[in-house]
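Residue-level structure breakdown
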Amino acid sequence: MPEPSTIAAFAVASLALLVIPGPAVLFIINRSVADGRSVGLASVAGIEIGSLVHVVAAGLGVSAALAASALAFNTIKWLGVVYLIVIGLRTLKVRPASTAGSEAGPAMPPARAFRQGVVVNILNPKVALFFLSFLPQFIDPARGNAGAQAVVLGLVFVSIGTLTDCLYAMTASSLRTVLLRGRALPFVQRYVAGTVFIGLGLVAATSGGHAKHTA
């Protein structure tokens, strides 16, 4: 178990990183503005479940194995790239339902946003690299099981991420009411959303390089 001072220092550092918008935050904002609060919060839940997968992987050493294998790392990376770009292209092709004169329900079911959030974060190699390069700095082998320490610190990260991501979702979804009064929402749902997904795919494609093969 990490010392309380170590947990506190890790929490402060995690907060500083989490408040800076990245791919996960952009995904949450996109879903919140385009489809409303319930969908935005569902996407948050999916993102955090995806983060928990990386936490467990870090505790079991799977992330370290991915980093050591260029093939495994790049397979995960390009699966994420393809997924994001395909979702973006599909979004650009679908014409959203008209919302003129009514408070239309969300165009995307919350369950679907949840599933997308899980996949987006599981297939995000930057999350695995975070746990590989940042979290180990706070693990003290003298304190016992390093895997258990990684899980504890990872849960701290996910807890803080849940709070900050919910704040992003609540703030972004509050703009939807204004957008519903005009004709901007269909544009956001189709063109902005599609472009954001494709942009996230391109960011994933150009970030992180590749893992070094040490075998």
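Scroll up to find the structure.
Overview of the structure.

Definitions and limits used
- Residues numbered from 1 in each chain as written.
- Predicted model: local features only at pLDDT ≥ 70, side-chain atom pairs only at ≥ 80, totals over all residues.
- Heavy atoms only, no water.
- Helix = DSSP H or I, 4+ residues; strand = E, 2+ residues; numbered from the N terminus.
- Axes fitted to C-alpha atoms, helices over the stretch in contact; angles between N-to-C directions.
- Parallel < 35°, antiparallel > 145°, perpendicular 65-115°, else oblique.
- Left-handed = near helix turned anticlockwise from the far one by under 90°.
- Contact = heavy atoms within 4.5 Å.
- Nonpolar A, V, L, I, M, F, W, Y, C, P; charged D, E, K, R; others polar.
- Patch = residues over 30% accessible without salt bridge, like charges linked within 9 Å, V, L, I, M, F, W, Y side chains within 5 Å.
- Areas by Shrake-Rupley, 256 points an atom, 1.4 Å probe, with all protein chains shown as cover.
- Salt bridge = Lys/Arg side-chain N within 4 Å of Asp/Glu carboxyl O.
- Lys, Arg positive; Asp, Glu negative; His and termini not counted.
- Charge placed at Lys NZ, Arg CZ, Asp CG, Glu CD.
- Buried < 20%, exposed > 50% of the residue type's maximum accessible area, 1.4 Å probe, protein only.
- Expected span 1.5 Å × (residues − 1).
- Core = buried A, V, L, I, M, F, W, Y, C linked by side-chain atoms within 4.5 Å.
- Arc of directions from axis to C-beta.

Things to note about the environment of Ala-148
When you line up the elements, Ala-148 lands in helix H8 (residues 146–173). Remark: the alpha-carbon pair of Ala-148 and Val-56, spanning 92 residues in sequence, is separated by 9.6 Å.

Regarding the packing of helix H2 (residues 23–35) against helix H3 (residues 37–60)
Taken N-terminus to C-terminus, the directions of H2 and H3 make an angle of 155°; their axes are 7 Å apart at the nearest point. By the angle between their axes, H2 is roughly antiparallel relative to H3. Crossing hand, H2 versus H3: right-handed. For the pair H2 and H3, the contacting residues are Ala-24, Phe-27, Ile-28, Arg-31, Ser-32 and Asp-35 in the first and Val-39, Gly-40, Ser-43, Val-44 and Ile-47 in the second. Looking at side-chain class alone, the contact of H2 with H3 contains six nonpolar, three polar and two charged residues.

Observations regarding a positive patch on the surface
A surface patch of like charges, here positive, comprises Arg-90, Lys-93, Arg-112 and Arg-115. Residue assignment for the positive patch shows that the elements contributing at least two residues are helix H5 (70–93) and helix H6 (110–122). Relative to the assigned elements, Arg-90 resides in helix H5. Given a relative accessible area of 49%, Arg-90 falls into the partly exposed group.

Observations regarding the side chain of Ser-14
Position of Ser-14 relative to the elements: it lies in helix H1 (residues 4–18). Relative accessible area serves as the criterion here: at 0%, Ser-14 is assigned to the buried category.

A few points about H3
Over its 24 residues, H3 runs 35 Å from end to end, which matches the ideal 34 Å to within 8%, given 1.5 Å per residue. Immediately beyond the C-terminal end of H3, within one or two residues, lies Gly-61, with a positive phi of roughly 85°.

Some thoughts on the nonpolar core
Ranked by size, the top nonpolar core spans 18 residues in total, and within it Phe-10, Phe-131, Leu-135, Leu-153 and Phe-157 carry the most contacts. When contributions to this core are tallied by element, the ones reaching two or more residues are H1, H3, helix H7 (125–133) and H8. The leading source of residues in this core is H8, at six residues. Contacts of Leu-153, omitting those with residues within four sequence positions, involve Pro-2, Ile-7, Phe-10, Leu-135, Phe-138 and Ile-139. Among the nonpolar cores identified, the runner-up in size contains 10 residues, and Ile-28, Ile-47, Leu-84 and Ala-169 belong to it.

Considering the side chain of Arg-31
With respect to the secondary-structure elements, Arg-31 resides in helix H2. If we skip the residues at most four places from it in the chain, Arg-31 touches Gly-36, Val-39, Gly-40, Ser-43, Met-108, Ala-113, Gln-116 and Phe-197.

Section: H1
Here H1 contains 15 residues, and its C-alpha end-to-end distance of 21 Å stays within 8% of the 21 Å for a straight helix at 1.5 Å per residue. All of the buried residues in H1 are Thr-6, Phe-10, Ala-11, Ser-14 and Leu-18. Down the axis of H1, the smallest arc covering the buried residues is 135°, so these residues share one side. Elements in contact with the buried residues of H1: H2 and H8.

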